[in-house]
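Results of the structural survey
Chain by chain, the residues run as shown.
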Amino acid sequence: MTPIPFVDLTAQRLRLGDGIERAIARVLAHGAFILGPEVAELEAKLAAMAQVSHCITCGNGTDALQLVLMAEGIGPGDAIFVPSFTFVATGEIVPPTGATLVFVDVQEDSFNIAPDSLEAAIKAAQAKGLRPRAVIPVDLFGQPADYDRIGAIAAAHGMIVIGDAAQSFGAHYKGRAVGSLATYTTVSFFPSKPLGCYGDGGAVFTDDAEKAALLKSLRFHGKGTDKYDNVRLGLNSRLDTIQAAVLLQKLTIFEEEIEARQRIAARYHSTLTNLVETPAVTSDCRSVWAQYTIQLDARDQLAEACKQAGVPTAVYYPLPMHKQRGYQGHMLAPGGAPVAEKLAGRVLSLPMHPYLDEQTQDRVVEAIRNAL
Ligand SMILES: *Cc1c(COP(=O)(O)O)cnc(C)c1O
């Protein structure tokens, strides 16, 4: 039997015909490889989709987060709150600023940051004399965090909200687009994300014109009006024109792909719901299903049985951040992060992409049914 891909980028490329090749050829012809016309065109289109005024592309999703911390002047004495159940990048950017990284627990059903744990963590940070400055909710597996509740908590403490939407660009929350739900929203165009390029890429969204201008300077070595007169410390973090050209092509089919993901997730739900714990989507939300993640106690046994049956699976994430070796000694919300720890032992992500046909999906479901 043909091997099942976990994410099928080839099917997407075939669907786009020679569109991507021709788009890259146009960049090769005009030669503006850094901040060429495709970058500006992409930023305008992404901002419109995200329902915000400004999109600032950059080198990757991790830099996007770091650029925001730089734009906000985050530093020693500040406390930054991050869910422990996430990809390392969400927390990685905090310690180098000198700010205090505070891990927060998550919710069992949505996998996203738990408002109660966040409130307790803010109090604990204040008790230590720290200034709560920002919370970074993650829209894990493509589903937006509870931005209304988190935004209210943040506002009550004078904090900003930085949405880590690396997995959720294209998702909706109560009718609003991801990108418009936080003070800043960051995304990643890593190839396997729902909107991915053919290398590294990322972007920041904001409605604040001054911060947008600042971010454009920060991504370009902190340049002033003249690029050899640098007025602040910055980074070298720009999206390659070639990657922007790739993304413009992929954007033409992105909405249809998101719809296909809804159909495939619904089919997983109906065939698996009596076998394992299937992921819940909060009402009023549209997930982009970056991952379709089930939960069960015998996770490792199921993963092994799937592997034997030629069905790839993945564990996102086997360790919460506060349990990882490189992240010992940071602050943890009072009561710890028991839900994050429990999820790490129970989650299993299944093959998920817009080109997963019913026959292949049935093979995945059959392998799970047989194993159980
Ligand atoms: C992928 C990812 C990032 C980082 O994106 P890169 O483009 O790989 O730097 C950050 N946060 C989350 C939640 C991610 O999944």
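Residues numbered from 1 in each chain as written. Predicted model: local features only at pLDDT ≥ 70, side-chain atom pairs only at ≥ 80, totals over all residues. Heavy atoms only, no water.

Taking 1.5 Å as the rise per residue, helix H10 (residues 254-272) with 19 residues should run 27 Å; its terminal C-alpha atoms sit 26 Å apart, in good agreement. If you check which residues of H10 are buried, you get Phe254, Glu257, Ile258, Ala260, Arg261, Ile264, Ala265, Tyr268 and Leu272. Viewed end-on, H10 has its buried residues packed into an arc of 160°, placing them on one side of the element. When the buried face of H10 is taken as reference, the exposed residues oriented beyond 90 degrees from it are Arg263 and Ser270. (Helix = DSSP H or I, 4+ residues; strand = E, 2+ residues; numbered from the N terminus. Expected span 1.5 Å × (residues − 1). Buried < 20%, exposed > 50% of the residue type's maximum accessible area, 1.4 Å probe, protein only. Arc of directions from axis to C-beta.)

Taken together, the 8 strands give an open sheet; going across it, the order is E1-E9-E8-E5-E4-E2-E3-E12, and neighbouring strands pair in mixed fashion. The open sheet has two edge strands with one neighbour each: strand E1 (54-58) and strand E12 (331-332). With 2 bridges connecting them, strand E4 (residues 131-135) and strand E5 (residues 160-164) associate as parallel partners. The partner of valine 135 across the bridge, within E5, is valine 161. Seen against the sheet, helix H6 (residues 115-127) touches strand E2 (78-83), strand E3 (100-104), E4 and E12 and runs at an angle of roughly 155° to E2. (Pairing = 2+ DSSP bridges. Contact = heavy atoms within 4.5 Å. Axes fitted to C-alpha atoms, helices over the stretch in contact; angles between N-to-C directions.)

This next bit is on the packing of helix H3 (residues 37-50) against helix H9 (residues 241-251). Here H3 crosses H9 at 40°, and the two axes come no closer than 8 Å. Comparing their axes, H9 and H3 come out oblique. Here H3 runs over H9; the crossing is left-handed. Across the interface between the two elements, Glu38, Val39, Glu41, Leu42, Lys45, Leu46 and Met49 of H3 pack against Thr241, Ala244, Ala245, Leu247, Leu248 and Leu251 of H9. Its residues placed into classes, the contact of H3 with H9 shows 9 nonpolar, 1 polar and 3 charged. (Parallel < 35°, antiparallel > 145°, perpendicular 65-115°, else oblique. Left-handed = near helix turned anticlockwise from the far one by under 90°. Nonpolar A, V, L, I, M, F, W, Y, C, P; charged D, E, K, R; others polar.)

The next thing to look at is the pattern of salt bridges. Enumeration over the complete set of coordinates arrives at 20 salt bridges. Among the salt bridges present, the one from glutamate 256 reaches arginine 15, with a minimum N-O distance of 2.4 Å. Within this pair, whereas glutamate 256 is found in helix H10, its partner arginine 15 is found in helix H1 (residues 9-15), the two being separated by 241 residues in sequence. The class of glutamate 256 is partly exposed, set by a relative accessible area of 47%. Its salt-bridge partner being lysine 342, residue glutamate 108 comes within 2.6 Å of it at the nearest N-O pair. (Salt bridge = Lys/Arg side-chain N within 4 Å of Asp/Glu carboxyl O.)

Take the environment of aspartate 164 next. For aspartate 164, the position within the fold is in strand E5. Overall, the relative accessible area of 7% leaves aspartate 164 in the buried class. A sequence separation of 105 residues divides aspartate 164 from histidine 269, and the C-alpha atoms of the two residues are 26 Å apart.

Another aspect to go through is unusual backbone geometry. A cis amide bond, omega 10°, links tyrosine 316 with the succeeding residue tyrosine 317. Structurally, the position occupied by tyrosine 317 is in the loop between helix H11 (299-308) and E12. Phi at phenylalanine 111 takes a positive value of approximately 70°, unusual for a residue other than glycine. For phenylalanine 111, the position within the fold is in the loop between E3 and H6.

Another point: the packing of aromatic side chains. Here the structure, examined in full by the defined rule, presents 11 aromatic pairs. Put simply, the rings of Phe6, Phe85, Phe87, Phe111, Phe141, Tyr316 and Tyr317 pair up and form one aromatic cluster. Seen from the ring of phenylalanine 220, lysine 223 lies directly overhead, with NZ or CZ sitting 5.3 Å from the centre. (Phe/Tyr/Trp six-rings, centres within 6.5 Å; stacked < 30°, edge-to-face > 60°. Lys NZ or Arg CZ within 6 Å of the ring centre and 35° of its normal.)

All right, on to the site of the ligand then. Taken together, the neighbourhood of the ligand is formed by 15 residues, with Gly61, Thr62, Asp164, Ser188 and Lys193 sitting nearest. Between serine 188 and the ligand, the recorded distance is 2.6 Å, taken from a side-chain N or O atom to an oxygen atom. At a separation of 2.6 Å, an oxygen atom of the ligand approaches a polar side-chain atom of lysine 193. The protein chains hide 93% of the 380 Å² of surface that the ligand would expose on its own. By residue class, the composition of the shell around the ligand is 5 nonpolar, 8 polar and 2 charged. (Near = heavy atom within 4 Å. Polar contact = N/O pair within 3.5 Å; in protein donor to acceptor, adjacent residues only side chain to side chain. Areas by Shrake-Rupley, 256 points an atom, 1.4 Å probe, with all protein chains shown as cover.)

Our next topic: a nonpolar patch on the surface. Together, Leu28, Phe33, Ile34 and Leu35 give the surface a local cluster of nonpolar side chains, amounting to about 360 Å² of exposed area. Mapped onto the secondary structure, isoleucine 34 falls in the loop between helix H2 (19-30) and H3. With a relative accessible area of 46%, isoleucine 34 lands in the partly exposed category. (Patch = residues over 30% accessible without salt bridge, like charges linked within 9 Å, V, L, I, M, F, W, Y side chains within 5 Å.)

The next point concerns the packing of helix H4 (residues 61-71) against helix H8 (residues 209-218). Look at H4 against H8: their axes get within 10 Å of each other, and the N-to-C directions meet at 120°. The two elements H4 and H8 meet at a crossing, and its hand is right-handed. Contacts from Leu67, Val68, Met70 and Ala71 in H4 reach Lys211, Leu214, Leu215 and Leu218 in H8. A per-class count over the contact of H4 with H8 returns 7 nonpolar, no polar and 1 charged.

So, on to the sheet that holds strand E7 (residues 176-177). Strand order in the open sheet formed by 3 strands is E7-E6-E10, and the pairing between neighbours is antiparallel. Two strands in the sheet have a free side with no partner beyond their single neighbour: E7 and strand E10 (285-286). Sheet topology places strand E6 (residues 172-173) next to E7; 2 bridges connect them, and they run antiparallel. Pairing of histidine 172 across the sheet is with alanine 177, part of E7.

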